[in-house]
Protein chains: 2
Amino acid sequence: MNEQPRTQIVANNSQVVLKKTLDIICGKWRLYIIFQLGTQARRYGELRRMIPEVSEKVLIQELKALAALGMVEKKSFPEVPPRVEYGLTPKGLEVLPMLQKLTSIGELFLKP
Amino acid sequence: MNEQPRTQIVANNSQVVLKKTLDIICGKWRLYIIFQLGTQARRYGELRRMIPEVSEKVLIQELKALAALGMVEKKSFPEVPPRVEYGLTPKGLEVLPMLQKLTSIGELFLKP
DNA sequence: GTATCAACTAACCTTTAGGTTGGCAACCTA
DNA sequence: TAGGTTGCCAACCTAAAGGTTAGTTGATAC
């Protein structure tokens, strides 16, 4: 009793998967940051200089969020002044090519 | 004179492409709506019933936005009560498979 | 003559995303 | 001892996204 119809369950499931996907890629800077980390791990200050348009706060916030999602990993070195490196996780590297292909959508829809 | 360095130009360009891409796929319901239109054009009321969680206002707003982006096309039939059908444009159909593959990201990152 | 239908529109509100500013820690150098 | 270095945090603000509710249209069925 109280069983949901199957279609409802399926719909909810695919919405959960979709939400997780969107969590990772949506956001003004998220994909951009991921692409910058694609070739190698970078220091925080390095990223700041690579993406000067993003504010400090938002950059840190996005790196934190991406780390919490398991897309990015953070390595802190106990030095002074501090050194911190951000890089893609194995999962992150796995989906990177798909994300890079995504931009072809923008190209297609920008064409007249 | 006043020429920007090449790296800056490249960066700005890829940000424009990225933004266009995100315009199309970002939003709580956008991909979900696109997927529902993937197999065939649908009437507005049909979509409402297929995605009962989205509010009327937001559904119409998203359909309008997707139409303005060239992802969706709207056909109005001059009947009473009105009949309106929404379907993917050729460009929309072209990128649909890539968008569908995207969800594998959500699946990967939901795995424990 | 009023109730119904589908596809909206308008007015309003709440939540989230993103941005600005200023400050702190802990060591090094001048 | 003052100032520079790097990576962060907190407080505050604005704009955008998303949600709720009510009303409009105009032929048709009751």
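Everything numeric here is computed off the predicted structure, so don't read it as measured data.

Some details on the protein's contact with DNA strand C
What surrounds DNA strand C is a group of 20 residues, the closest being Lys28 and Lys57 of chain A together with Gly45, Glu56 and Tyr86 of chain B. Among the atoms of DNA strand C close to the protein, meaning within 4 Å, 62% are from sugar or phosphate groups. Within the side chain of Glu56 of chain B, an N or O atom sits 2.7 Å from a base nitrogen of DNA strand C. Residue Pro82 of chain B places a main-chain N or O atom 3.2 Å away from a sugar or linking oxygen belonging to DNA strand C. Secondary structure elements with two or more residues in the surface near DNA strand C: helix 4 (56-69) of chain A together with helix 3 (44-50), helix 4 (56-69) and strand 3 (83-88) of chain B. A breakdown of the residues in the surface near DNA strand C according to their chemical character gives 9 nonpolar, 3 polar and 8 charged.

Things to note about the interface of chain A and chain B
Counting residues at the interface gives 42 residues for chain A and 42 residues for chain B. Around 3500 Å² of area is buried between chain A and chain B when both sides are counted, 76% of it from carbon and sulfur atoms. Where chain A meets chain B, there are 0 salt bridges. At the surface where chain A touches chain B, the tally comes to 6 residue pairs in polar contact (both at pLDDT 80 or more). Counting only elements with at least two residues in the side of chain A that touches chain B, the list comes to helix 1 (6-25), helix 2 (30-36) and helix 5 (90-110) of chain A. Looking at the side of chain A that touches chain B element by element, the count peaks at 16 residues for helix 5 of chain A.

A short note on the relation of the copies chain A and chain B
When chain A is fitted to chain B, the residual RMSD is 0.0 Å, and the transformation amounts to a turn of 180 degrees plus an axial shift of 0.0 Å. Accordingly, the operation relating the two chain copies is best matched by a two-fold axis. Closest approach to the rotation axis among the C-alpha atoms of chain A is made by Cys26 of chain A, whose C-alpha sits 2.9 Å away. Most of the interface of chain A is mirrored in chain B: 100% of its interface residues are interface residues there too.

Observations concerning the state of the cysteines
The tally for this structure, following the rule as stated, stands at 1 disulfide over all chains. Between the sulfur atoms of Cys26 of chain A and its disulfide partner Cys26 of chain B the distance amounts to 2.2 Å. Handedness here is read from the sign of the S-S torsion; for Cys26 of chain A and Cys26 of chain B, about -110 degrees, the answer is left-handed. Of this pair, Cys26 of chain A sits in the loop between helix 1 and helix 2 while Cys26 of chain B sits in the loop between helix 1 (6-25) and helix 2 (30-36), on two different chains. Judged by relative accessible area, Cys26 of chain B falls into the buried class, the value being 17%.

A word on the environment of Glu85 of chain A
Residue and element names in this part refer to chain A. With respect to the helices and strands, the residue Glu85 is situated in strand 3 (residues 83-88). Separated by 10 residues in sequence, Glu85 and Lys75 have C-alpha atoms that sit 5.1 Å apart. The residues touching Glu85, leaving out its near neighbours within four places in the chain, are Ala41, Arg42, Arg43, Glu73, Lys74, Lys75 and Phe77. Within the structure, Glu85 has its side chain in polar contact with the side chain of Arg83 (distance 3.4 Å).

Points about helix 4 of chain B
All names here are of chain B. Taking 1.5 Å of rise per residue, 14 residues should cover 20 Å, and helix 4 covers 20 Å from first to last C-alpha, within 8% of that figure. Buried residues of helix 4: Leu59, Glu62, Leu63, Leu66 and Leu69, and no others. The buried residues of helix 4 all sit within an arc of 125 degrees when viewed along its axis, so they share a single face. In helix 4, the exposed residues that point more than 90 degrees away from the buried face are Lys57, Lys64 and Ala68.

Thresholds, definitions, all that
- Residues numbered from 1 in each chain as written.
- Chains lettered and ligands numbered in written order.
- Predicted model: local features only at pLDDT ≥ 70, side-chain atom pairs only at ≥ 80, totals over all residues.
- Heavy atoms only, no water.
- Near = heavy atom within 4 Å.
- Polar contact = N/O pair within 3.5 Å; in protein donor to acceptor, adjacent residues only side chain to side chain.
- Helix = DSSP H or I, 4+ residues; strand = E, 2+ residues; numbered from the N terminus.
- Nonpolar A, V, L, I, M, F, W, Y, C, P; charged D, E, K, R; others polar.
- Contact = heavy atoms within 4.5 Å.
- Buried area = accessible area lost by both parts, 1.4 Å probe.
- Salt bridge = Lys/Arg side-chain N within 4 Å of Asp/Glu carboxyl O.
- Least-squares fit on C-alpha atoms with pLDDT ≥ 70 in both.
- Disulfide = S-S within 2.5 Å.
- Buried < 20%, exposed > 50% of the residue type's maximum accessible area, 1.4 Å probe, protein only.
- Expected span 1.5 Å × (residues − 1).
- Arc of directions from axis to C-beta.

Remember that the coordinates give geometry; whether it matters functionally is a separate question.
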